[in-house]
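So you can see what is in the structure, the chains are spelled out below.
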Amino acid sequence: MVDTTAVQTLDELLQQAMASVRIEERYRGHPISLAEYLAIQSSGRHSYDPDDRMFAGRFRPVIQDIAIQGRLLSVVRDVLGQYIGDDRLQSAKIVTGGVLDGFHVDELVSHILAIALMRGTHHAAHSFYECAEGTSVSIQFVTLIDGIRIENPIELSKGIRLMPVPGDVRYFPPQLLTRAHGHYTEYFGRTLIVVDQSVSPIFVHPDKMTVERFPFVRANVCTEYPDFNEAEFCEALSLSINHVVEFVAWWSHINPDEVYAVGTVGRSAAHTPSVSNPSNAPFEAKEEDIREAMSIYAAQRDLKPDVVQRLRVPLSRWMMSKTSKNRVDAFINLGTALESLYLDGSDNSELGYKLALRAAWHLGNNAEERYSLKQEFSRMYGLRSRAVHTGDPDKVKTTPEFTATAQKRCLESIIRIIRDGRFPDREDWERLVVGSAE
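Throughout what follows, the structure given in this document is the object of discussion. (Residues numbered from 1 in each chain as written. Predicted model: local features only at pLDDT ≥ 70, side-chain atom pairs only at ≥ 80, totals over all residues. Heavy atoms only, no water.)

At their nearest, the axes of helix H2 (residues 34-46) and helix H5 (residues 105-119) sit 10 Å apart, and the two run at 95° to each other. Put simply, H2 runs roughly perpendicular to H5. Packed against H2, whose contacting residues are Leu-34, Tyr-37, Leu-38, Gln-41, Ser-42 and Arg-45, the element H5 presents Ala-114, Leu-117 and Met-118 at the interface. (Axes fitted to C-alpha atoms, helices over the stretch in contact; angles between N-to-C directions. Helix = DSSP H or I, 4+ residues; strand = E, 2+ residues; numbered from the N terminus. Parallel < 35°, antiparallel > 145°, perpendicular 65-115°, else oblique. Contact = heavy atoms within 4.5 Å.)

Structure below.
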């Protein structure tokens, strides 16, 4: 429990420091007014723009009263002494990036004073002792995904949620981070996956920090999915809505008003492999679609490694067929996916017949359904063969509707295997031949 007397003492000391504070530009020492500083810091803390945050980081409060500055330094050294070496210490902020040898105690004092200016002296004093006595801090891991749009936040599990990015910059969620050279309109209608995490310990001695030895542990708060995988969830979401969903950027979000967060205004640098130019129009997802995605995700996580490995080709080829620009590529990808699902490679005779028969058996519930499905799969494989052997879109005669049907059937096959937890084996197919199963 935080010592209220110690908090009160530090609160009063910070109030005295506020009376002699001067705001300076870090590199040139140029002063600005307190009102300007507060406006810049407020903008940086809430802005989605990395340029705004970098600009906010250029200014710092400096205490002109040397005696008060010395007293504040003494408090920090006394309380955090076990973590300080050569007047430097390291904090949990390092998990979002930074230098191994940490930061100087002067920077920590300046950061505490900045918190006091923004949130009040009592908040800053309490935050200092809370961090000093605590064992972990909270951060968020954020992933930007492309391919769906949601209207309201949706909780996937405790500590994991989807958040919509609205089409009005005034209502952007605080976790959003845009590209340094992009434009905020790129993010309209996108969706964020936000995962609550904890990091422990909060402070360490710089001598304990090496590339080989990293003492900070970062873990998801969610106990149901402690190793939640955003890429695999996007895959499951794609299957649930029959539409490609991909992750396109990721970063960390931390509370800049916590004492350990020295040198930040809220977010780590983003990793943005491909943010602009969405690959496809977003699908308007409902909560039931998300629930189905989580059900598929959970089933995928329970699959045996050999089943996961065998699903890699059909899954990737199905998704490639959804983004193919022409009929040739679409049916080559679909054909490869279906071969991976229904042909084991041991017998290459009458591939199309065998594939169609097995697929009809796998998906059909009665003789009439199986007959219809066999006709569909025979046509799909025929189109695939013409696509492979001619490469001519004019000879791959199909309609958008039948292409969509082919993709849907492939999707149904993949989901059936995920739900069953296995691929049909040779014995399953032999039962079909002798008619022992309906």
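In this section: the nonpolar core. The biggest cluster of nonpolar side chains holds 58 residues, and the ones touching the most others in it are Ile-148, Phe-233 and Leu-311. For this core, the element with the most residues is helix H13 (residues 400-420), which contributes 8 residues. Apart from residues no more than four positions distant in its own chain, Ile-148 is found in contact with Leu-162, Gly-189, Thr-191, Leu-237, Ile-241, Val-245, Pro-282, Phe-283, Ala-285 and Ile-290. Of all hydrophobic cores here, the second largest spans 46 residues; its members include Val-2, Ile-68, Leu-113 and Ala-125. (Core = buried A, V, L, I, M, F, W, Y, C linked by side-chain atoms within 4.5 Å. Buried < 20%, exposed > 50% of the residue type's maximum accessible area, 1.4 Å probe, protein only.)

Strand order in the open sheet formed by 3 strands is S2-S1-S3, and the pairing between neighbours is antiparallel. The sheet terminates laterally at strand S2 (31-32) and strand S3 (59-63), the two strands that pair on one side only. Bridge count between strand S1 (residues 21-25) and S3: 5 bridges; the pairing is antiparallel. Opposite Arg-22, over in S3, you have Val-62 as the bridge partner. Lying on the sheet, H5 is in contact with S1 and S3; it crosses S3 at an angle near 100°. (Pairing = 2+ DSSP bridges.)

Once that is clear, we can look at the sheet that holds strand S5 (residues 103-104). Taken together, the 3 strands give an open sheet; going across it, the order is S5-S4-S11, and neighbouring strands pair in antiparallel fashion. The strands lining the two open edges of the sheet, one partner per strand, are S5 and strand S11 (203-204). Of the strand pairs in this sheet, strand S4 (residues 88-91) and S11 are connected by 2 bridges, and their pairing is antiparallel. Looking at S11, one finds that Ser-91 is bridged to Phe-203.

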